[in-house]
Amino acid sequence: MALIACKNLTLGYGGRVIVKDLNFAVNTGNYLCIVGENGSGKTTLMKTLLGLTPAISGGIVLGDGLKRNEIGYLPQQTAVQRDFPASVYEIVLSGFCGKSGIAPFYTAAQKKEALENIRKMGIFDLKGRCYRELSGGQQQRVLLARALCATSKLILLDEPVSGLDARATEGMYSIIEKLNKEEKITVIMISHDISAALKYATHILHIGADCFFGRREEYISLKKAEVTDNE
């Protein structure tokens, strides 16, 4: 059974339909990149998968025992969020809030796991630093560590390298690939970077006037055929 599957999903907001009758499934271990033009519905889809935005119609089925509060999420940041006055450790720990419910304190096991996730991101020496003082690349690693505290199964990333320089971008892609291949965490990532999508993803979901879902190799073949037809 798929880890997460969308069946005849129609997305939109304010009564406006953006994507209609979308069907795809993500299995454990997949690395799915969602691509498409601005305004095509990529972020709306991600928020719908998380239960933050209701679907207009259709359904989303979670499998393999996955619960919504076990999905890690790295959203796009606002300017206010980048200026948040908390320590790296405090922000990463907050990733457990969805699992902890009304519990007022974090457990010793959660504190240990938070530190381990900070270490995985290569920012252990920054754990006591104020988040607002970090570079954009460092902040993204903090947020990825926070997302990992919520999950060991599935992580959703909305443009995780947006605004980063080339070195920080390559570092983030390398970490995400390692999480997918070594930690066996399923990845769903929105990206405008088609070259990176074709390098790292196992599957591509293209949203737009013509939607596509399939393996990376199928998407490459389709694009090659389109170029040939247009010559």
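Residues numbered from 1 in each chain as written. Predicted model: local features only at pLDDT ≥ 70, side-chain atom pairs only at ≥ 80, totals over all residues. Heavy atoms only, no water.

### Quick look at the sheet that holds strand β5 (residues 71–74)
Overall, mixed pairing links the 6 strands, which are arranged β5-β6-β7-β3-β8-β9 in an open sheet. One side of each edge strand has no neighbouring strand; the edge strands of this open sheet are β5 and β9 (212–215). Neighbour to neighbour, the strand axes of the sheet diverge by 15° on average, direction disregarded. Inspection of the sheet shows strand β3 (residues 31–36) paired to strand β8 (residues 203–207) by 5 bridges, in the parallel sense. (Pairing = 2+ DSSP bridges. Helix = DSSP H or I, 4+ residues; strand = E, 2+ residues; numbered from the N terminus. Axes fitted to C-alpha atoms, helices over the stretch in contact; angles between N-to-C directions.)

### Details of the sheet that holds strand β4 (residues 57–62)
Sheet strands pair via backbone hydrogen bonds, and the direction of the pair is either parallel or antiparallel. A sheet is described by the order of its strands in space; here 3 strands give the open sequence β2-β1-β4, paired in antiparallel fashion. Pairing within the sheet leaves two strands with one partner each, and these edge strands are β2 (16–26) and β4. Here the average twist between neighbouring strands, direction ignored, is 25°. Note: strand β1 (residues 4–13) against β4, 5 bridges, orientation antiparallel. Paired with K7 across the bridge in β4 is G59. In this fold helix α1 (residues 42–49) packs onto β1, β2 and β4, with an angle of close to 120° to the strand it touches most, β1. (Contact = heavy atoms within 4.5 Å.)

### Considering helix α7 (residues 166–181)
An ideal rise of 1.5 Å per residue puts 22 Å on 16 residues; α7 measures up with 22 Å between its terminal C-alpha atoms. As for α7, its buried residues are in contact with β3, α6 (136–149), β6 (154–158), β7 (186–190) and α8 (194–200). Measuring from the side-chain oxygen of the N-cap residue of α7 to the backbone nitrogen of R167 gives 3.2 Å; that N-cap residue is D165. (Expected span 1.5 Å × (residues − 1). Polar contact = N/O pair within 3.5 Å; in protein donor to acceptor, adjacent residues only side chain to side chain.)

### Thoughts on the pattern of salt bridges
Counted by the stated rule, this structure contains 7 salt bridges. When the shortest N-O distance is used, the salt bridge between E217 and R215 registers 3.7 Å. (Salt bridge = Lys/Arg side-chain N within 4 Å of Asp/Glu carboxyl O.)

### Quick look at the layout of surface pockets
If you add up the space inside the largest pocket, you get close to 510 Å³. Looking at the lining of the largest pocket, the elements with two or more residues in it are β5, α4 (97–100) and α6. For the lining of the largest pocket, a count of residues per class yields 12 nonpolar, 7 polar and 3 charged. (1 Å grid on protein atoms, 1.4 Å probe; cavity = no way out; pocket = protein on both sides within 12 Å on 5 of 7 lines; lining within 4 Å. Points joined across faces, edges and corners; volume = space filled by probe spheres on them. Nonpolar A, V, L, I, M, F, W, Y, C, P; charged D, E, K, R; others polar.)

### Brief notes about the packing of aromatic side chains
Summed over all chains, the structure comprises 3 aromatic pairs. Residues F24 and F213 carry aromatic rings whose centres are separated by 5.7 Å and whose planes lie at 45° to one another, so their mutual orientation is tilted. Of this pair, F24 sits in strand β2 while F213 sits in strand β9, and the two are 189 residues apart along the sequence. Judged by its relative accessible area of 5%, F24 is buried. Note on F213: relative accessible area 29%, which makes it partly exposed. Here R119 stacks its cationic end above the ring of F124, 4.2 Å away from the centre of that ring. (Phe/Tyr/Trp six-rings, centres within 6.5 Å; stacked < 30°, edge-to-face > 60°. Buried < 20%, exposed > 50% of the residue type's maximum accessible area, 1.4 Å probe, protein only. Lys NZ or Arg CZ within 6 Å of the ring centre and 35° of its normal.)

### A look at the pairing of β3
The element β3 is extensively covered by neighbouring structure, given that 6 of its 6 residues are classed as buried. Here β3 shows a buried face lined by Y31, C33 and V35 and a second buried face lined by L32, I34 and G36. Where β3 and β7 come together, 4 bridges link them in parallel fashion. By the bridge assignment, C33 is partnered in β7 with M189.

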